[in-house]
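In case you want the letters, here they are:
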Amino acid sequence: MKVSYNWIKDYLDIDMPVEKVGEILTDTGLEVEGIEKIQSIEGGLEGLVVGLVKTAEKHPNADKLKVTTVDVGNGEDLHIVCGAPNVTAGQKVIVATVGTTLYPTNGEPFAIKKGKIRGEVSMGMICAEDEIGIGTDHDGIVVLAEDTPIGKAVKEVYKMEDDYMIEIGLTPNRSDAIGHVGVAKDLAAALTIHHSFTGSVQTPDVSAFAVDNHDLEIPVTVEDTEACPRYAGVSIKGVTIKESPEWLQNRLKAIGVRPISNIVDITNFVLHELGQPLHAFDADEIKGGKVVVKTLPQDSVFVSLDEQERKLNEEDLMICNADSEGMCIAGVFGGIHSGVTDKTTNIFLESACFHPIRTRRTATRHNLRTDAAQRFEKGVDPNNTVYALKRAALLIKELAGGEIASEIVDIYPEKVKRAEIVLTYRNLNRLVGMEIPRPTVKQILAALEIEVVGETDEALTVKVGTNRADVLREADVIEEVLRIYGFNNVPIPTTLNYSLIFSEGIRPDEIRNLVSDYLASVGFNEMMGTSITDSDYYDSEEKGLVRLMNSLNANLDVMRKNMLFSGLEAIHNNQNYQNENLRLFEFGKTYCTYSRDDQNHYLEGDHLTVFITGETIEENWRTAKAKSSFFDLKGLVNNLLARLGITRFQTQYIESDSMAYGLQYKQGKRDLVDFGLVSPKIAKKLGVKGEVFYADFNWNNVFEALKSSKLYVKDIPKYPSSRRDLALLLDKDVQFGQIEQIALKTGKNVLSSVGLFDIYEDEAKIGKGKKSYAVSFVFQDERKTMTDKEIDKIMQKLIQQYERQLGASLR
């Protein structure tokens, strides 16, 4: 949120460096993220001085130029060549001396240099409006009043006042600080407690509000009082639409709001002053002369102010006319036909309180993150609605003329009362971690306008204003006291107490950290994806999806059933920033629903996902670049399981809608991990370029396998190993995993490893549908040196098993 320092000083009589103000606001919980100097006129008229034209003679070499001598108050007259037709001796003018940078209304800034114009020396420039950015007139130079002192800085003549834009990282719970007055009150509270400030915040006076006549009464009906707890409005007739005065424009410009017209600017001004959004309707465009606050049927069409045709949700609250035609999306955005235009003469001014959650859903659904919507989301003060309405109405009368032509319509069926809370000193001191003096506590509460209505030796009973929507419990009041007292004033303990806890078994957090450290050590980055995703990623007939009942975003409407899509989204976003060689992993949860005993049940699963895409070896002078492959992923999966001590599992080939091809590792009925190539169709759907290899570990099953896994310490082998190779002619659908499983079962304890070192396919030489695997077998007995006869006997058994189970033959 952006606030103006000068604007704050309109309500608070202070004079201190803006940097100090930023520190104080940050200490009170309004974290200042940046401070920027703002000039109402670019350049701030720096370097410009008042000069007296002493002479103005015709240029000897140019008919339209004059050579002048100008006194700028430094004791030395300047010779300046001027082309303005209205320059004459005796004028007080604006002079840009050599070295001054000018910021024209149109065009780029430029510096004034000493030079010659048609042979005559020119030591500066006599300026027109558009040349210094104060207007658009270029017909002649600016002529100042005769009594303007020579040599005076022009910025002082125009009463230029630098401002500072303070950017605050406003948290969602600070509904009390969504306007300049709220920020000023927080600042005043801190100054009162810590800086002996004795003043107070001067809020705008609305006592002058009065109804002039009843010529434009517009009745209001609220059909949905849950979505609109309070609605107020008033009619003003005979207004004149024009530019806002300079002071109002400067206030809005200082916080980055573009001035439009006096009526619109006033509604924006009050929004940023009091935190209360307003909306001005052209009263003559309200059909039937009546306002109805209601919802419209699903998919009703509404054309908004930006000329976009929007289909409404049945939950969207609308401000309608007597014909039930939408004029405005309540609290979010106006309509194209009902807003104020240059021809408007009569207005209906709205000030309301809309339900925070309903407003947020509507704003998110239509992608309209307006200033008004953001304030309603945080929760505006329902008891400030009419005050803000009167403030705006008085400003409109002052700046646009007109008459207040109706009584204030105020529909407020259930008045929101102030929360009454008991604050005990014991709990205050316990949560803060120190004892705050009781007089200081009372002083802070008074500074925050939190009324003490009861007191005992042990506690205070307080009433909290409805502007603090989040302060509803004792802990909330304690937080308010602490942030004004100052978190920095709470001493840091010098001792640390702890107790030793003995734990048996495997600790999940330690295993997760072990895996994370391993993956990071081999070049992976950890990512965190959202658990809420888009149902469009799944088939329309997908079963088991957990759908959100009240989604805040139309594109985030289900809980993720797998973690594939969140990973692909991360890859897509990285590729958009030219990060194409990616190795990512994520620990997270998946969600699904299933039916049992005619009831729906929900299941959460813990998973670890791994993604590899792009190049595993980038191009360099020693090695050629190499693309990621399935075997890079397989090696990682095997090493990771081995690192956890899980080395025995069954392997099977898999294909699915999401995986073009891959493998699955199982232990009995437990699926440990599925890994392979992500379906190119799915990758393309999410805008991902290139191949993506993906592994999905069922972390619950991995952890169960880990519990039954045991690590053994073995001596370094004393006896040598022996290797044998076989060239097996097989059907193409036979997988190496089948060969490995048969070998390990047959070789038992003396077969230490099985490897595949060559694959050969050639229909002309080995036949159609055939392939040749070159497989290595390493034998080692820990008790003795194995003889060739023993090894050959096992090899014969292997050959027989391959022939019988796989239909293999030797090449």
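So, here's what we can say about the structure.

The rules we used
Residues numbered from 1 in each chain as written. Predicted model: local features only at pLDDT ≥ 70, side-chain atom pairs only at ≥ 80, totals over all residues. Heavy atoms only, no water. Axes fitted to C-alpha atoms, helices over the stretch in contact; angles between N-to-C directions. Helix = DSSP H or I, 4+ residues; strand = E, 2+ residues; numbered from the N terminus. Left-handed = near helix turned anticlockwise from the far one by under 90°. Contact = heavy atoms within 4.5 Å. Nonpolar A, V, L, I, M, F, W, Y, C, P; charged D, E, K, R; others polar. Pairing = 2+ DSSP bridges. Polar contact = N/O pair within 3.5 Å; in protein donor to acceptor, adjacent residues only side chain to side chain. 1 Å grid on protein atoms, 1.4 Å probe; cavity = no way out; pocket = protein on both sides within 12 Å on 5 of 7 lines; lining within 4 Å. Points joined across faces, edges and corners; volume = space filled by probe spheres on them. Buried < 20%, exposed > 50% of the residue type's maximum accessible area, 1.4 Å probe, protein only. Salt bridge = Lys/Arg side-chain N within 4 Å of Asp/Glu carboxyl O.

1. Section: the packing of helix α7 (residues 262-274) against helix α10 (residues 385-400)
So, step 1. Between α7 and α10, the least distance of the axes is 10 Å, while the angle of their chain directions is 145°. The element α7 and its partner α10 pack so that their crossing is right-handed. Here α7 contributes Asn262, Ile263, Ile266, Phe269, Val270, Glu273 and Leu274 to the contact with α10, which in turn contributes Tyr387, Ala388, Arg391, Ala392, Leu395, Ile396, Leu399 and Ala400.
So, step 2. Of the residues that constitute the contact of α7 with α10, the class distribution is twelve nonpolar, one polar and two charged.

2. Observations concerning the sheet that holds strand β39 (residues 670-678)
So, step 1. The strand order β29-β33-β34-β40-β39-β38-β37 describes an open sheet built from seven strands, whose pairing is mixed. Pairing within the sheet leaves two strands with one partner each, and these edge strands are β29 (525-526) and β37 (650-654).
So, step 2. Across five bridges, the pairing between β37 and strand β38 (residues 659-667) is antiparallel. What sits directly across from Gln650, in β38, is Lys666.

3. Some words on the side chain of Asp316
So, step 1. Inspection of the secondary structure puts Asp316 in the loop between β19 (309-311) and β20 (317-320).
So, step 2. Within polar-contact distance, the side chain of Asp316 engages the side chain of Thr362 at 2.9 Å.
So, step 3. At 2.5 Å, the side chain of Asp316 and the side chain of Arg365 are in polar contact.
So, step 4. When residues no more than four places from it in sequence are discounted, the contact partners of Asp316 are Lys294, Thr295, Leu296, Thr362, Arg365 and His366.

4. As for the sheet that holds strand β32 (residues 558-559)
So, step 1. Across the sheet, which stays open at both edges, the three strands sit in the order β30-β32-β31 with antiparallel pairing between neighbours. Unpaired on one side and paired on the other, β30 (532-533) and β31 (546-547) mark the two borders of the sheet.
So, step 2. As paired elements, β31 and β32 share two bridges and run antiparallel to each other. Bridge pairing links Arg547 to Val558 in β32.

5. Remarks on empty space enclosed by the protein
So, step 1. According to the stated counting rule, one finds three cavities of 30 Å³ or more in the structure shown.
So, step 2. By volume, the largest cavity is sized at about 60 Å³.
So, step 3. Lining the largest cavity we find Ala227, Glu315, Leu317, Ala330, Phe354, His355, Arg358, Thr359 and Thr362.
So, step 4. When the residues that make up the lining of the largest cavity are grouped by side-chain class, the tally is four nonpolar, three polar and two charged.
So, step 5. Space inside the second largest cavity adds up to approximately 50 Å³.
So, step 6. In this structure, the second largest cavity is lined by Glu42, Gly43, Leu45, Glu46, Leu48, Thr101, Leu102, Tyr103 and Ile132.

6. A short note on the pairing of strand β4 (residues 66-71)
So, step 1. Across the six residues that make up β4, a large majority, five, are buried.
So, step 2. In terms of strand pairing, strand β3 (residues 48-58) meets β4 through six bridges, oriented antiparallel. Residue Leu52 lies in a different strand from β4, and its bridge partner there is Asp71.
So, step 3. Where β4 and strand β5 (residues 78-82) come together, five bridges link them in antiparallel fashion. Bridge pairing in β5 places Thr68 opposite Ile80.
So, step 4. Adjacent in sequence and paired antiparallel, β4 and β5 are bridged by six residues, among which Gly73 carries a positive phi angle near 85°.

7. Remarks on helix α18 (residues 699-708)
So, step 1. Burial in α18 covers these residues: Trp699, Asn701, Val702, Phe703, Ala705 and Leu706.
So, step 2. Packed against the buried residues of α18 are α14 (508-521), β33 (582-596), β34 (599-613), β38, β39 and β40 (692-698).

8. Remarks on the pattern of salt bridges
So, step 1. This structure, assessed with the given rule, holds 44 salt bridges.
So, step 2. Taking the shortest distance from any N to any O, the salt bridge between Arg310 and Asp306 comes out at 2.7 Å.
So, step 3. Accessibility expressed as a relative area gives 13% for Arg310, which makes it buried.
So, step 4. A salt bridge links Arg507 to Glu510; its shortest N-O distance comes to 3.5 Å.
So, step 5. The class of Glu510 is partly exposed, set by a relative accessible area of 46%.

Limitation: the analysis is restricted to geometry and does not speak to function.
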